[in-house]
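Each chain, letter by letter, is given below.
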Amino acid sequence: MQAVTEGDNGGSGVTATSELRLLPSWAKSQLAHILEVTHGWREVMGRVPGHPWTPGMPLPEGEQYHRKYSSDDILLVSEECARDRREGFEVLVEEWGTSGRKRPTVGDLVALLQLAKLYRAMDYLTVNVLNGEPLPRETGDSDALDQLDQALEEDCHAHYKFIYSGSREDEGLENGDLGASQVLERELRALECEPQEEGLPQLDSEVMQELEDSGFTHFAFSTIREITNNFSDLPQDLGGNKLGEGAFGVVYMARVVLRGHEKRVAVKKLSSGENKVEEQFKTEIEVLSRCVHENLLPLVGYSCDGPEWCLVYAYMANGSLQDRLACLGGTPPLEWMMRVAIGEGAARGIVYLHTQQERPLVHRDIKSANILLDEYFIPKVGDFGLVRLGSGGTQTATLIKTTTVFGTSAYMAPEAFRGDISVKMDTFSFGIVLLELLTGLPSYQEEREGCDLLSHILESEAEPSELLDEKAGEWDMDVATQLFALADQCTEAKKKRPTMVETLRNYLKIVNP
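Residues numbered from 1 in each chain as written. Predicted model: local features only at pLDDT ≥ 70, side-chain atom pairs only at ≥ 80, totals over all residues. Heavy atoms only, no water.

S.K.: Would you take a moment to explain the overall build of the protein for this structure?
M.R.: Per the secondary structure count, the protein includes 19 helices and 12 strands. For the protein, with 513 residues in total, the buried portion stands at 52%. At a minimum sequence separation of 6, the contacts of the protein that also span at least 24 residues come to 65%. (Helix = DSSP H or I, 4+ residues; strand = E, 2+ residues; numbered from the N terminus. Buried < 20%, exposed > 50% of the residue type's maximum accessible area, 1.4 Å probe, protein only. Contact = heavy atoms within 4.5 Å.)

Pasting the structure below:
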């Protein structure tokens, strides 16, 4: 295989030895589009070598070598992309591009694209990004994209057959794992065999009975549509109703009359195109009917009699912690004592989820965007659509193996990408939130060295005092230093990582000595 040379980079600042994670956003976006068409990113992911290979080394010869990612890992990322409406290459760069002591380079990606015969992506990277010459193709190889365009013109089923039936020979992974094209073929069979129902699924009788017994208010869909101004997508600060948008739907501000009093509420309209709407709806209802705590977002009611299902929450006047740390809308910065109090409240809410019943509840999506602040800046942990019941036992045991990666990658513990979900996953995510509170920096930012916040902190040679957000005022350095140390503990490897019960105990010792 021909090596990639350095050469001129056309002013992009990128060379073959540049870390993959530092690709400019425009280049990542274009590559993601190219590789999404034929799901080529899966071919790349399925060919990434595992130990003892390290980035910068030549790719192993032949097909029988240890792979970093199994077929299950590929399916996990696929489902995360479907849920978050993201492109697979983008997620792959976040995961692979930030893993390991020595990180993969642009040259490593070029070599994998050449190996997988993904020539359009390879040419774009070598010619348009690295400003080099196109690499040679094997004799007789045609351009897959040209074939795909033809298939799309002929008919949609041919398109799926082309993508999923394997235009190349199936390459098996070690230990009985399926090759990437075998995985895709299996998915096609599922698509062909499973009936595609129109509209949303119906709630079963057991769930309907739970709803009736829950005490939550049922709102007719016609009422929900009216109070949200027909789901006005004009942002609230411009006079509309839209408060924000997440993986599972859009949130709108509305006013309702409850028990003779008008009050503001937040209406989350669940994404009708999401396959797991029913599961998300049932999970939030189940969790919030059992869990009532000062630091959990309270549910007011629901609507499930229309074409789209909605959940109605208490309105949080000060929005999300993420927005307040960013001073969105010209809001004043949070001063440091307020941040410390918010961190404590959020920890209490998470601990409640983990301990309030025999089987712990794992949130799986703790992040500053899901910590809401009421009019008094009391934090409320929200968005319970990903919560999973544990199987009982101690708070340190692995509680569940999941077949889907969920959550937001900058906050996700490394083991979560393997489908290993436990309460300690929430501890890791809380550690990232704690770093946000201390530094005022976003959890992920493409432009900085170390795109995700944890990498940025670990790679920085600055002292804790230099990392603190100056907008928060004059910090108590003893408190701040200890909170940095606690965040470090929270983001340790799983075995060394404390539970949230232990984390809260340590937090209180720091802020209330």
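S.K.: Just checking my understanding: could you explain the packing of aromatic side chains for this structure?
M.R.: In this description, a pair of aromatic rings is defined by centroid distance and the angle of the planes. Scanning the entire structure with this criterion turns up six aromatic pairs. Between the aromatic rings of F281 and W309, the centroid separation amounts to 5.1 Å while the plane-to-plane angle is 55 degrees, which identifies the pairing as tilted. Here F281 is found in helix α12 (residues 277-290), whereas its partner W309 is found in the loop between β5 (299-303) and β6 (310-314), with 28 residues between them in sequence. An identical accessibility class is assigned to F281 and W309; each is buried. Joined through ring pairs, the aromatic side chains of F221, F231 and Y252 make up one cluster. (Phe/Tyr/Trp six-rings, centres within 6.5 Å; stacked < 30°, edge-to-face > 60°.)

S.K.: Quick question: what am I supposed to make of the packing of helix α14 (residues 336-355) against helix α15 (residues 423-439) here?
M.R.: Two quantities define a packed helix pair, namely the angle between the axes and the distance from one axis to the other. Interaxial distance between α14 and α15 falls to 11 Å at its minimum, and their mutual angle equals 170 degrees. The orientation of α14 with respect to α15, classified from their angle, is roughly antiparallel. Only V423, D426, F430, E436 and L437 of α15 make contact with α14, whose side of the interface consists of R339, I342, G343, A346, A347, I350 and H354. For the contact of α14 with α15, the per-class residue count stands at seven nonpolar, two polar and three charged. (Axes fitted to C-alpha atoms, helices over the stretch in contact; angles between N-to-C directions. Parallel < 35°, antiparallel > 145°, perpendicular 65-115°, else oblique. Nonpolar A, V, L, I, M, F, W, Y, C, P; charged D, E, K, R; others polar.)

S.K.: Whenever I open this one, the side chain of E344 confuses me. Can you help?
M.R.: Looking at the secondary structure, you find E344 in helix α14. Judged by relative accessible area, E344 falls into the buried class, the value being 18%. In this view, E344 contacts L504, Y507, L508, V511 and N512; residues no more than four positions away in its chain are not counted.

S.K.: Looking at this model, I keep getting lost on the confidence of the model for the protein. Mind explaining?
M.R.: Caution applies to low-pLDDT regions: their predicted coordinates should not be interpreted in detail. In the predicted model, the protein carries a mean pLDDT of 78, and the fraction of residues at 70 or more is 75%. The least confident element of the protein, judged by mean pLDDT, is strand β11 (residues 400-401) at 31; the most confident is helix α18 (residues 477-490) at 97. Note on residues 143-201: pLDDT is under 50 here. Beyond four places in sequence and across chains, it has 89 contacts. Across residues 391-407, where pLDDT falls below 50, the model places 58 contacts with residues more than four positions away in sequence or in other chains. (pLDDT = per-residue confidence, 0-100.)

S.K.: Honestly, the pattern of salt bridges in this entry has me stumped. Any pointers?
M.R.: In a structure, side chains of opposite charge can pair up when their charged atoms sit close to one another. Enumeration over the complete set of coordinates arrives at 13 salt bridges. The salt bridge involving K268 is made with D383; its shortest N-O contact spans 3.3 Å. With K268 in strand β4 (residues 261-270) and D383 in the loop between β9 (379-381) and β10 (388-389), the pair connects residues that are 115 residues apart, well separated along the chain. The shortest N-O distance in the salt bridge between E344 and R348 comes to 3.1 Å. (Salt bridge = Lys/Arg side-chain N within 4 Å of Asp/Glu carboxyl O.)

S.K.: What's the story with the UniProt feature "binding site: ATP" (unreviewed entry) in the protein in this structure? I'm lost.
M.R.: Residues annotated in UniProt with the feature "binding site: ATP" (unreviewed entry) correspond here to K269. Checked against the element boundaries, K269 lands in strand β4. Given the relative accessible area of 15%, K269 is considered buried. (UniProt positions renumbered as here; feature names shortened; annotations may be inferred.)

S.K.: What is the right way to read the packing of α15 against α18 from this model?
M.R.: At their nearest, the axes of α15 and α18 sit 8 Å apart, and the two run at 150 degrees to each other. As the angle between them shows, α15 and α18 are arranged roughly antiparallel. At the point where α15 passes α18, the crossing takes the left-handed sense. Between α15 and α18, the residues in contact are T427, F428, F430, G431, L434, L435, L438 and T439 and A480, L483, F484, L486, A487 and C490, respectively. Each residue belonging to the contact of α15 with α18 can be placed in one class, and the counts come to 11 nonpolar, three polar and no charged. (Left-handed = near helix turned anticlockwise from the far one by under 90°.)

S.K.: Explain helix α5 (residues 106-115) here, please?
M.R.: Given 3.6 residues per turn, any residue in an α-helix points the same way as the ones three and four places further on. In terms of burial, α5 is largely enclosed, as nine of its 10 residues are buried. Along α5, the positions that sit buried rather than exposed are V106, G107, D108, L109, V110, A111, L112, L113 and Q114. At the C-terminal side of α5, K117 shows a positive phi close to 60 degrees.

S.K.: Would you explain the pairing of β6 in this entry?
M.R.: Where a strand is regular, its side chains alternate between the two sheet faces. Most of β6 sits inside the fold, with five of its five residues counted as buried. Here four bridges tie β5 to β6, and the two strands are oriented antiparallel to one another. The residue of β6 that forms the bridge with G301 is V312. Connecting the antiparallel pair β5 and β6 is a turn made up of six residues. (Pairing = 2+ DSSP bridges.)

S.K.: Can you walk me through the side chain of S455 in this structure?
M.R.: With respect to the element layout, S455 can be found in helix α16 (residues 453-459). A distance of 3.4 Å separates the side chain of S455 from the side chain of R103, its partner in a polar contact. A polar contact of 2.8 Å, which involves the side chain of S455, links it to the side chain of D452. (Polar contact = N/O pair within 3.5 Å; in protein donor to acceptor, adjacent residues only side chain to side chain.)

S.K.: Honestly, the environment of R497 in this entry has me stumped. Any pointers?
M.R.: Locating R497 in the fold gives a position in the loop between α18 and α19 (500-511). In this structure R497 comes out as buried when scored by relative accessible area, which is 2%. Here the alpha-carbon distance between R497 and K424, two residues 73 residues apart in the chain, equals 6.9 Å. In this structure R497 touches A413, P414, E415, K424, M425, T427, F428, Q489, C490 and E492, once residues within four positions along its chain are discounted.

S.K.: When you look at the pairing of β5 in this model, what are you seeing that I'm missing?
M.R.: Taken across its five residues, β5 has five buried, putting it largely inside the fold. Sheet topology note: the strand β1 (residues 217-218)/β5 ladder contains two bridges and is parallel. Along β5, the bridge assignment pairs T217 with G301.

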